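Chains, contacts and geometry: an overview
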Amino acid sequence: IGIINPISEQLYNVLLAIQTAISKVIQGVGGLQFNTWRSFHNDRKTMACKNFLDGDLIEAFLDLPRNKMEEVVAFLKQDVTEAMSMNAGPSTAAAQTAPAIPQTVDELIRKVEELTMLH
């Protein structure tokens, strides 16, 4: 059972970064990449998933061994650093009030646990 929950654009961006980092560490269903698993397929076309957050994937972080959690955080930091260097860093008031990207395993655990309380 899924949930559709409105969230701010800033929170969406944080969760998307977390999801992307997790998908680099967790093996997908049947060995498929996350984006392949969640893409749309029919007889005429295949379309990549976009603007989609998978709560089950994000919550799977809590079941990882500590060393895998550390890998996720490393990918998260790397992805955020690359994005900021491409965009020359946050410069708007909205960016300054955006939810913080977790920087440690314990911070990420707390963030994911907060999300599990939404449903």
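In this report, we go over the structure that sits alongside the text. All figures in this text were calculated on a predicted structure; none of them were measured in a lab.

**Here we look at helix 6 (residues 105-116)**
The terminal C-alpha atoms of helix 6 lie 17 Å apart, and with twelve residues this matches the ideal 16 Å at 1.5 Å per residue to within 8%. The set of residues buried in helix 6 consists of Val105, Leu108, Ile109, Lys111, Val112 and Leu115. Projected down its long axis, helix 6 shows its buried positions confined to an angular sector of 165 degrees, all on one face.

**Notes on the environment of threonine 116**
Inspection of the secondary structure puts threonine 116 in helix 6. The partly exposed category is assigned to threonine 116, whose relative accessible area is 26%. Residues threonine 116 and aspartate 56 lie 60 residues apart in sequence; the distance between their C-alpha atoms is 9.6 Å. Those residues within four positions of threonine 116 in sequence are excluded, and the remaining contacts are Glu59 and Leu62.

Rules of the game
Residues numbered from 1 in each chain as written. Predicted model: local features only at pLDDT ≥ 70, side-chain atom pairs only at ≥ 80, totals over all residues. Heavy atoms only, no water. Helix = DSSP H or I, 4+ residues; strand = E, 2+ residues; numbered from the N terminus. Expected span 1.5 Å × (residues − 1). Buried < 20%, exposed > 50% of the residue type's maximum accessible area, 1.4 Å probe, protein only. Arc of directions from axis to C-beta. Contact = heavy atoms within 4.5 Å.

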